[in-house]
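Structural characterization, general
Read off the chains here:
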Amino acid sequence: MADAFSTAVTSAAWRAEVAAWTDDALARRGMRTAAPADQTRVRPWSTQLVLETDGGRVWFKADCRAAAHEPALQLLLAEIAPDQVDAPLAVEAARGWMLTADRGATLRERRAPTAADWGAVLTRFARLQQDVAARREELLATGLPDCSPGTVPGRFDTVLGRLRALPPGHPARLDEATAAALDRARPAVLDAAGALAAGPLPATLQHGDLHPGNVFETGGALHVFDLGDAQWAHPLEVLEVSSAVARDAGVAWEPVEAAYRSSWAAWLAARGLPGFDDGPHGGWDDLRRAAGTTHAVNRAWAWCGALAEATDDEWAEWGEAPGRHLSGLLDRQA
């Protein structure tokens, strides 16, 4: 059996391979390391190393197989929208490796983000979603998972089947009562996916973990990063994690969501399309509820992938996450 991701990336052999790659990548840019790399973070899904160089601090990131699209995706997005996504210094797409320049403190580290800060993050990301909505094939070619509404029912069946079939005592195993309740909720998943597919907004980039801790400010512009959880999905799914994080921080969410909605309303109007409350589809609130349901499925599936290379101890620590997210759709049916 292959080593778990966290075991492999902490081995001396792997660190030596990374050092050789980063040294070569930096040399191509006329840079040299000034000290050995510091492995600051190891998780079942990624690891980060900090390198001090004669040209400033840089970061190395390696993703697990489920998130290995991140380097190629960030490179492509930086070409499409350089004012919103920073270009990596180097990528090794086949291995999920990326080297990026240090851009200083994140927006969350600079200050306690206000509703205005959150609004700026979400509206800028809405513009990125709009810019790439017609570039599906390019984004999927990076390995970005296709989690668009039409794919969600099949993913629901897959995730529910996996979690139900785990052996007794496994941290991610669903108890039969919860599994049965999810079985009964399948029609609601079908309805939600159908409503979003028929709605006014196209599938596009969904960040997966958008909050001010994954945004930095440079040159007066906000840039997003940490795209390992990104998916091709309904755009409103991006609001699920963002709203939860903002509310936990005590930020008034209503004006943030209103700003995001206004950006998409303007996009629809510019194309002569019906507004959220004008067409045959459901209104904004209906779409938000539907996106919450599909997001629960897509998020649970993403957690399954993130833990696919985990150790037993890591499963014990994070294994409840897939079932917790999938079961979240039950709350929306209550």
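Coordinates for the structure precede this section.
In every chain, residue numbers begin from 1 and rise along the written sequence. Owing to the predicted nature of the model, reporting of local features is limited to residues with pLDDT of at least 70; listing and counting of side-chain atom pairs is limited to 80 or more, with chain, interface and lining totals taken over all residues. To get the side-chain values, take all heavy atoms of the structure and skip hydrogens and water.

**Overview of the side chain of Lys61**
- Residue position: Lys61 is located in strand 3 (residues 56-63).
- Only protein chains enter the calculation, and the probe is 1.4 Å; a residue is then buried if its accessible area is under 20% of its type maximum, exposed if over 50%, and partly exposed in between. Lys61 sits in the buried class, given a relative accessible area of 12%.
- Among the polar contacts listed, one links the side chain of Lys61 to the side chain of Asp226, at a separation of 2.9 Å.
- Here, residues are in contact when the closest pair of their heavy atoms is within 4.5 Å. Leaving out residues up to four positions away in the same chain, Lys61 has contacts with Ser46, Thr47, Gln48, Glu70, Gly96, Trp97, Met98 and Asp226. Comment: elements are numbered from the N terminus, with helices defined as DSSP H or I runs of at least four residues and strands as E runs of at least two. We define a polar contact as two N or O atoms separated by no more than 3.5 Å, with the added condition that, inside protein, one atom must be a possible hydrogen donor and the other a possible acceptor, whereas residues neighbouring each other in sequence contribute only through side-chain atom pairs.

**Digging into the layout of surface pockets**
- Within this model, the largest pocket holds a volume of roughly 1500 Å³.
- Both site types are read off a 1 Å grid over the protein atoms alone. A 1.4 Å probe that fits but cannot get out defines a cavity, while an open set with protein on both sides within 12 Å along at least five of seven lines defines a pocket; lining residues have an atom within 4 Å of a point. In this structure, the largest pocket is lined by 48 residues; those nearest its centre are Gln48, Lys61, Asn214, Phe225 and Asp226.
- Mapped by element, the contributors of at least two residues to the lining of the largest pocket are strand 1 (38-42), strand 2 (46-53), strand 3, helix 3 (70-80), strand 5 (97-101), helix 4 (107-110), helix 12 (284-306) and helix 14 (320-331).
- With seven residues, helix 12 is the largest single contributor of residues to the lining of the largest pocket. Grid points are joined across faces, edges and corners, and a volume is the space filled by probe spheres set on the points.

**Quick word on the environment of Lys61**
- For the pair Lys61 and Phe125, spaced 64 residues apart in the sequence, the C-alpha separation amounts to 23 Å.
- Among the polar contacts listed, one links the side chain of Lys61 to the side chain of Glu70, at a separation of 2.9 Å.

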